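# Observations on the model geometry
Here are the chains, one letter per residue:
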Amino acid sequence: MFSKFTSILQHAVEALAPSLPLQEDFVYHWKAITHYYIETSDDKAPVTDTNIPSHLEQMLDILVQEENERESGETGPCMEYLLHHKILETLYTLGKADCPPGMKQQVLAFYTKLLGRIRQPLLPHINVHRPVQKLIRLCGEVLATPTENEEIQFLCIVCAKLKQDPYLVNFFLESKLKAMALQESASVITEDMIKDQESVTTDTGQPGQPEETPGAAGAELMEKEDELPQQAEELSFSLDELNVTSSPESSTACPNQDYNLVNSLLNLTKSPDGRIAVKACEGLMLLVSLPEPAAAKCLTQSTCLCELLTDRLATLYKALPQSLDPLDIETVEAINWGLDSYSHKEDASAFPGKRALISFLSWFDYCDQLIKEAQKMTAVAMAKAVRERFFIDVMEPQLMQTSEIGILTSTALLHRIVRQVTSDVLLQELVYFILGEHREPETLTDINRHPLRHRLIEHCDHISDEISIMTLRMFEHLLQKPNEHILYNLVLRNLEERNYMEYKPPCQEDKDVVENGQIAGAVDLEEDPLFTDLSPDNTLSAQEWLSASPPVSPEHPKNDGKTEVHKIVNSFLCLVPDEAKSSYHVEGTGYDTYLRDAHRQFRDYCVICLRWEWPGSPRSLEKCNLEASFFEGHFLKVLFERMGRILDQPYDVNLQVTSVLSKLSLFPHPHIHEYLLDPYVNLASGCKSLFSVIVRVVGDLMVRIQRIPDFTPKLLLVRKRLLGLEPEGPIIDHMTLLEGVIVLEEFCKELAAIAFVKYHTSATP
């Protein structure tokens, strides 16, 4: 009844006011297209041999011109005609049948240009979004078809429109029941249309004669096109009854939904044409970022997005050679998922497996960026899928194997992934994969609770130096990631109770000593037997350590209250005995060179840790359980053990061990500072700290120095060779020990600089 009333009203308007020239022109072009189907007898001729492409282009130009001539948002008569006469529905069916051949490309191009060139919102109209939905289902059905380029252009313009108005995505979440009904309806009509087209020619092959009524067949086709929307409506409920609100309730209203826009894009990501695949990935990037909860739920529960991401990661990872040079993995050029255009022939630095490595890292980069851009619910679901289906199922067995070559390659790949990941959500899943989710203090009996964590920490002290270095580097980069759980799981949970300290309730006598400038119970290093040979010239005066610090700005004034910092700095600087030092013989290797780096790095770490709300001072001892036995944790235990063997380990291993320890020392947590950088902490019985480990190493060194003739000249020669100041020459005896002494001296200077910078920064108001 309503449609009849609308028709009568339309005729009345047309009778009262003559049609505008633009509308007449528009109708003329559309009727020229419909007349082709009524009058033609050759449905095998390609569409490019007809005037259909020209007429469609003219219709688009008229619609654009009409919009430009009218006020913003006002719908003109040509657009009204397109909507009222369901032209897009008709074009969809013609495109689906690809009649004449090539019509599908023309229809896709028409839809794309219409949505792209018309500024007013079209998708909210049912006579636009409904045929758009149907056309989406045709995209990606078959790969490497001639229409792939038009398909991806069409899908991407739809994605762009949804990005502009995310609410519209609800129109594209389809009930599976309804989608099947619409598909069956369209299929029946298409079959009838093809039969009608075939009936235009007779068995004799002669053009259709009047008695064969080709016109009737064409007219019937056009009538059926107008009936399609009505038939579809009769087969299912209205789109308005679907999930079209963003409320939490609406997201569960239709559990069985299809998200065909995503499915079509996923199909096209598999295209052999790299440009098509990249455009499909870009379309998915737009869709996952839409804020609509209903779309996010449908995307993760009713599409194979998570499976495709993880399955391709697994496939590309398994395609890598069993053995890759860790240096190649580390130094392969920066990966960008959209620019994966590597040519092995043009690459002078190619190595076996480089093509496969770039493909894997490019896809991982895409997954990372996709999760980074995605709506929160979608991001969490995708990241969990990557953890379960790729990290655990594929990478973990490789990391847990016993083959040294396999361990080295898989650890190098894990290291590269740790460096490359930027998404907070994916980083969280990666951290849980590597370290587990435990946060309670460790004990010696439960360090194997998370087998992968235990294995990786054990690999820091592997019989293979290459594996040890690679695993330590992985942990070093992991510690620099902006995730609080990393440091808490590895170190902080074991320092929470401060039970590494021997607690003595302060008495009045101790208070008097502290007031006189001495720390109660502190060990005076100059009275320690290890340091009896040190002269006053070996220490820095208060004025010297202040002048060696970075310039003080008005924002960072000096605080004379921190009078004890020079004692701590001197404690580290004086650890290595004078006869074991060699840096003062070489320019530019003094303590002050470390201050600038420490200042910059500490500032960066403070920025990372700011949101973690760490305390500014150590936890009150009265609130700590000092009776509990102290265990520094598996990670520090292994690092301390390696540090204790610094005089007997290769130079590269020592550099990596000290690098990890210095990174740990930089963190602005009071318990880390106290445990790693305060020499004056009274350690509980049986406990060790970084300072106590170094003291034992120095004690061993002083004994061993006596057995090496010409120790100091040899030490200086080794340092100059390491700095490139002396050419390589004959092998020197005790090379490992001499290199270890040099690393030890530099490490003590670095710790002194870090301690000073941390005190200096904490002194600012």
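Thresholds applied
- Residues numbered from 1 in each chain as written.
- Predicted model: local features only at pLDDT ≥ 70, side-chain atom pairs only at ≥ 80, totals over all residues.
- Heavy atoms only, no water.
- Helix = DSSP H or I, 4+ residues; strand = E, 2+ residues; numbered from the N terminus.
- Buried < 20%, exposed > 50% of the residue type's maximum accessible area, 1.4 Å probe, protein only.
- Contact = heavy atoms within 4.5 Å.
- Areas by Shrake-Rupley, 256 points an atom, 1.4 Å probe, with all protein chains shown as cover.
- pLDDT = per-residue confidence, 0-100.
- Salt bridge = Lys/Arg side-chain N within 4 Å of Asp/Glu carboxyl O.
- Phe/Tyr/Trp six-rings, centres within 6.5 Å; stacked < 30°, edge-to-face > 60°.
- Axes fitted to C-alpha atoms, helices over the stretch in contact; angles between N-to-C directions.
- Parallel < 35°, antiparallel > 145°, perpendicular 65-115°, else oblique.
- Left-handed = near helix turned anticlockwise from the far one by under 90°.
- Nonpolar A, V, L, I, M, F, W, Y, C, P; charged D, E, K, R; others polar.
- Expected span 1.5 Å × (residues − 1).
- Core = buried A, V, L, I, M, F, W, Y, C linked by side-chain atoms within 4.5 Å.
- Patch = residues over 30% accessible without salt bridge, like charges linked within 9 Å, V, L, I, M, F, W, Y side chains within 5 Å.
- Lys, Arg positive; Asp, Glu negative; His and termini not counted.
- Charge placed at Lys NZ, Arg CZ, Asp CG, Glu CD.
- Polar contact = N/O pair within 3.5 Å; in protein donor to acceptor, adjacent residues only side chain to side chain.
- Disulfide = S-S within 2.5 Å.

### Some remarks on the overall build of the chain
Counting its regular elements, the chain contains 32 helices and two strands. When each of the 765 residues of the chain is scored for burial, the buried share is 52%. Counted over contacts in the chain with a minimum sequence separation of 6, partners at least 24 positions apart contribute 80%. When the accessible surface of the chain is summed, it comes to about 35100 Å², and 52% of that surface belongs to carbon and sulfur atoms.

### Things to note about the confidence of the model for the chain
Chain-level pLDDT for the chain is 81 on average; 77% of the residues reach the 70-or-more range. Confidence over residues 177-256 falls short of pLDDT 50; this stretch has 104 contacts with residues more than four positions distant or in other chains. Counted against residues more than four places away or in other chains, residues 513-563, with its pLDDT under 50, gives 58 contacts.

### Quick word on the pattern of salt bridges
Taken as a whole and judged by the stated rule, the model has 34 salt bridges. One salt bridge in this structure joins Arg130 and Glu89, with 3.2 Å as the shortest N-O distance. Taken together, the residues span a long stretch of sequence, with Arg130 in helix α7 (residues 126-138) and Glu89 in helix α5 (residues 87-97) at a distance of 41 residues. Taken as a pair, Arg130 and Glu89 share a single burial class, namely buried. For Arg387, the salt bridge goes to Glu437, with nearest N and O atoms at 3.5 Å. Within this pair, whereas Arg387 is found in helix α17 (residues 376-399), its partner Glu437 is found in the loop between α19 (424-435) and α20 (451-459), the two being separated by 50 residues in sequence. Residue Arg387 is classed as buried on the basis of its relative accessible area of 15%. What you see here is one network of salt bridges that share partners, running through Glu57, Asp61, Lys113 and Arg117.

### Considerations on the packing of aromatic side chains
Applying the stated criterion to the full structure yields 19 aromatic pairs. Measuring from centroid to centroid gives 5.5 Å for Tyr317 and Phe360, while their planes differ by 70°, and the two rings are edge-to-face. With Tyr317 in helix α14 (residues 305-318) and Phe360 in helix α16 (residues 354-373), the pair connects residues that are 43 residues apart, well separated along the chain. For the pair Tyr317 and Phe360, a shared accessibility class is recorded, and that class is buried. Among the aromatic residues, those joined into a ring-pair cluster are Tyr317, Phe360, Phe390, Phe391 and Phe433.

### Structural notes on the packing of helix α8 (residues 148-164) against helix α11 (residues 260-268)
The description of two packed helices rests on the angle between their axes and on the distance between the axes. The N-to-C vectors of α8 and α11 enclose an angle of 140°; their axes lie 11 Å apart at closest approach. On the basis of the axis angle, α8 is oblique to α11. The interaxial crossing formed by α8 with α11 has left-handed handedness. Where α8 abuts α11, its residues Glu148, Glu151, Ile152, Leu155, Val158, Cys159 and Leu162 lie against Leu261, Ser264, Leu265 and Leu268. Residue classes in the contact of α8 with α11 are distributed as eight nonpolar, one polar and two charged.

### Topic: α19
For α19, which comprises twelve residues, the first-to-last C-alpha distance of 16 Å matches the rise-based estimate of 16 Å (1.5 Å per residue) to within 8%. In terms of burial, α19 is a largely internal element, nine of the twelve residues being buried. Of the residues making up α19, those classed as buried are Leu426, Leu427, Glu429, Leu430, Val431, Tyr432, Phe433, Ile434 and Leu435. Looking at the buried residues of α19, the elements they touch are α16, α17, α18 (404-420), α20, α21 (465-479) and α22 (484-495). Once α19 finishes, Gly436 follows within two positions and takes phi at roughly 80°, a positive value.

### Here's the deal with the nonpolar core
Grouped together as the largest cluster of nonpolar side chains are 220 residues, with contacts concentrated most on Leu91, Phe154, Tyr259 and Phe390. For this core, the element with the most residues is helix α32 (residues 735-762), which contributes 16 residues. Excluding residues within four positions of it along the chain, Tyr259 makes contact with Val169, Phe172, Leu173, Leu287, Leu290, Ala295, Cys298, Leu299 and Thr303.

### A word on a negative patch on the surface
Negative charge collects at one region of the surface, where Asp325, Asp465, Glu466 and Asp652 lie side by side. Position of Asp465 relative to the elements: it lies in helix α21. By relative accessible area, Asp465 is classed as partly exposed at 32%.

### Description of the side chain of Gln649
Mapped onto the elements, Gln649 comes out in the loop between α27 (634-644) and α28 (651-666). Side-chain polar atoms of Gln649 contact the side chain of Arg642, separated by 2.9 Å. Excluding anything up to four places from it in sequence, Gln649 contacts Arg642, Asn654 and Thr736.

### Some remarks on α16
Between its terminal C-alpha atoms α16 stretches 28 Å, which fits the 28 Å expected from 20 residues at 1.5 Å a residue. Of all 20 residues that make up α16, 16 are buried, and the element is covered over most of its length.

### Examining the environment of Thr411
Secondary-structure assignment places Thr411 in helix α18. Of the residues examined, Thr411 reaches a relative accessible area of 1% and is grouped as buried. With 45 residues separating them in the primary sequence, Thr411 and Leu456 have C-alpha atoms 8.7 Å apart.

### Some words on the environment of Leu108
Within the fold, Leu108 resides in helix α6 (residues 103-117). When residues no more than four places from it in sequence are discounted, the contact partners of Leu108 are Leu135, Cys139, Thr147, Glu150, Glu151 and Phe154.

### Details of the packing of α27 against helix α30 (residues 690-705)
Interhelical geometry of α27 versus α30 gives an angle of 20° and a closest axis separation of 9 Å. Of the possible angle classes, the one that applies to α27 and α30 is roughly parallel. The crossing of α27 and α30 is right-handed. On α30, the residues that touch Phe640, Met643 and Gly644 of α27 are Leu690, Val693, Ile694 and Val697. Tallied by class, the residues present in the contact of α27 with α30 amount to six nonpolar, one polar and no charged.

### Remarks on the state of the cysteines
Applying the stated criterion to the full structure yields zero disulfides. Unpaired in this structure, Cys281 has its nearest cysteine sulfur neighbour in Cys367, at a distance of 8.9 Å. The buried category is assigned to Cys281, whose relative accessible area is 5%. The structure places no disulfide on Cys306, whose sulfur is separated from the nearest cysteine sulfur, that of Cys304, by 9.5 Å.

### Description of unusual backbone geometry
In this structure, the amide linkage connecting Cys99 to the following residue, Pro100, adopts the cis form with an omega of -5°. Tracing the backbone shows Pro100 in the loop between α5 and α6. Phi is positive for Asp98, which is not a glycine, with a value near 50°. By the secondary structure assignment, Asp98 is in the loop between α5 and α6. One non-glycine residue with positive phi stands out, namely Glu613, at about 55°. As for its position among the elements, Glu613 is in the loop between α26 (592-609) and α27.

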